[in-house]
Amino acid sequence: PVPKVSRPGHDVMPRFTPWVLGVASITVCAVIWTAASVVKKRIFNDLSFDQPFALSVVANACYVVHFLSWGVRSAVASRRAGRRRRADNRVELLETPLPPELAAPDRTWRAEAWAALLIMPVFFAGQWSYGVGLAMTSVTSSTVICTTSSVTTFLGSRYFLSEPSSAKKWLGVLLCITGAVLLLQGDRAPSGPAPSWVGDLICWLSALFYSAYVLLVRALVRDPLQFFSFLGAYVLLLGGPAVALLLHFSPAYAGPFWASFSPEVLWLLLLTGLLDNALSQFFWAQGVLLTSPTVATAGLGLTIPLSVASDLLLGHSVGPWQYAASAVVGVGFLLVNLGHHAAKEEPADDNAAPLSETRQEAAGGGRQ
């Protein structure tokens, strides 16, 4: 048989480059999430600012900084379009379509605004419940449990988005479950902290919210920059007054709030919002759009060795169950990644079209 020769820039690069960018985005996100978990533990434990709702409001409101990024991107695109016009005086150039963010701004930003309005409650619930659970358990435990969202994400993506399946991917998802079970077994040991079971269960609830969130992002979002800009605006407009009302009318809430509030707490809240939310979630959404919901969610496994290292650096005890859970979940992520490529190499299924089309749209820069 004659070997198939791929034409440069036609066959290999459209499949390879977006995937590499997606995995790189997920990796950056994992590093930021692990560091942010340590910062949140300091806010809740060391500084005694046990206010997950206020933390979620401040952190998610920081998404409004993406309006500035959106404006800069539009200005740069407009400037490039002007340079292209000045470089060629032909009349035909005036008919050249503009970049997506300039060609149909009304349709694009309105669609992302509606998507943000729909997704905001699910996303905020995941953020809030994770903050509550993190205050009751260790960084390693919360991180491993959140990786179990790959299970519900895979099932939902398979059913609603027709994501391709393979034996390796199924095995990888099962290993993620096994890792969470091993971790919970370690938290049941007498040496574990007493409230760990409650924190683990709340983190598990957060994982369910994140599964719904990632599926909605994959189905509805095309421009993460615009989407997160509106998401931050909604949280600021709705969550800000809610916190103000609690501080004014609820002495039980206002007393502990002001007793533990300090300039350091404010600085750490803003740092968490800008890094853990505004920056990391942008990379997370890019990873979802450029790979697949299951691969991106299983990418949480990359935070496992980092979280174990952070616990060791901070002097926290890490038992054999946590080491075992970290290894199992890490292998599970690799199998999910390899399994997705194996499924893509199989004969294409008509039902899988929406997933591949979404990835191509994301790589192209948004809706056309």
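Bear in mind the structure is a predicted one, so any value in this text is a computation, not a measurement.

Chemist: I'd love a proper account of the confidence of the model for the chain, names of residues and values included.
Modeler: Should the pLDDT be low somewhere, the predicted coordinates at that spot are not to be read in detail. Overall, the predicted model of the chain reaches an average pLDDT of 75, with 74% of residues at or above 70. Element-level mean pLDDT values for the chain span from 44 in helix 4 (residues 100-103) up to 91 in helix 10 (residues 224-249). Note that residues 189-195 has pLDDT below 50 and, in this model, two contacts with residues that lie over four places away or in other chains. Considering only residues more than four positions removed or in separate chains, one finds that residues 348-368, a stretch of pLDDT under 50, has 37 contacts.

Chemist: Before we move on, can you summarise the pattern of salt bridges with the specific residues and values?
Modeler: Where charged atoms of side chains with opposite charge meet at close range, the side chains can pair. Going through the model one piece at a time under the given rule, you end up with one salt bridge. With a closest N to O distance of 2.7 Å, Asp223 and Arg73 form a salt bridge. In this pair, Asp223 is assigned in the loop between helix 9 (196-220) and helix 10 and Arg73 in helix 3 (residues 65-87), connecting sequence segments 150 residues apart. Exposure remark for Asp223: the relative accessible area of 6% places this residue in the buried category. Residue Arg73 is classed as partly exposed on the basis of its relative accessible area of 25%.

Chemist: Any details on the environment of Leu279? Residues and values, ideally.
Modeler: Counting through the fold element by element, Leu279 comes out in helix 12 (residues 263-290). The exposure class assigned to Leu279 is partly exposed, which follows from its relative accessible area of 35%. Put simply, Leu279 and Cys29 are 250 residues apart on the chain and 8.1 Å apart in space, counted from C-alpha to C-alpha. Those residues in contact with Leu279, other than ones at most four positions away along the chain, are Ile32 and Leu274.

Chemist: Kindly report on the nonpolar core, identifying the contributing residues and their values.
Modeler: If you look at the biggest cluster of nonpolar residues, it comprises 45 residues, and the most contacted ones within it are Tyr213, Val217, Phe227, Leu231 and Trp284. The set of elements that each furnish at least two residues to this core consists of helix 1 (12-46), helix 2 (52-61), helix 5 (105-134), helix 9, helix 10, helix 11 (251-260) and helix 12. Every residue in contact with Tyr213, bar those within four places of it in the chain, is listed here: Ile119, Val122, Phe123, Phe228, Gln281 and Trp284. Ranked by size, the runner-up nonpolar core spans eight residues in total, among them Trp19, Val173, Ala298 and Val336.

Chemist: Help me get a handle on the packing of aromatic side chains, residues and values and all.
Modeler: With the rule as written, the count across this model stands at 22 aromatic pairs. When the centroid spacing of 6.1 Å and the interplanar angle of 25 degrees are considered together, the rings of Tyr253 and Phe257 count as stacked. Here Tyr253 pairs with Phe257, and both are found in helix 11, just four residues apart, close to one helical turn. Phe257 sits in the buried class, given a relative accessible area of 6%. Summarising the aromatic geometry, the rings of Phe257 and Phe261 are spaced 5.6 Å apart at their centres and angled 10 degrees between planes, so their arrangement reads as stacked.

Chemist: Account for the side chain of Ser56, naming residues and giving values.
Modeler: Along the polypeptide, Ser56 turns up in helix 2. Not counting residues up to four positions away in its chain, the partners in contact with Ser56 are Phe124, Gln127 and Trp128.

Chemist: Explain a positive patch on the surface to me, using residue names and the numbers behind them.
Modeler: Taken together, Arg79, Arg80, Arg83 and Arg84 make up a surface patch of like positive charges. Counting through the fold element by element, Arg84 comes out in helix 3. Here Arg84 falls in the partly exposed class, since its relative accessible area comes to 44%.

Scoring rules and cut-offs
- Residues numbered from 1 in each chain as written.
- Predicted model: local features only at pLDDT ≥ 70, side-chain atom pairs only at ≥ 80, totals over all residues.
- Heavy atoms only, no water.
- pLDDT = per-residue confidence, 0-100.
- Helix = DSSP H or I, 4+ residues; strand = E, 2+ residues; numbered from the N terminus.
- Contact = heavy atoms within 4.5 Å.
- Salt bridge = Lys/Arg side-chain N within 4 Å of Asp/Glu carboxyl O.
- Buried < 20%, exposed > 50% of the residue type's maximum accessible area, 1.4 Å probe, protein only.
- Core = buried A, V, L, I, M, F, W, Y, C linked by side-chain atoms within 4.5 Å.
- Phe/Tyr/Trp six-rings, centres within 6.5 Å; stacked < 30°, edge-to-face > 60°.
- Patch = residues over 30% accessible without salt bridge, like charges linked within 9 Å, V, L, I, M, F, W, Y side chains within 5 Å.
- Areas by Shrake-Rupley, 256 points an atom, 1.4 Å probe, with all protein chains shown as cover.
- Lys, Arg positive; Asp, Glu negative; His and termini not counted.
- Charge placed at Lys NZ, Arg CZ, Asp CG, Glu CD.

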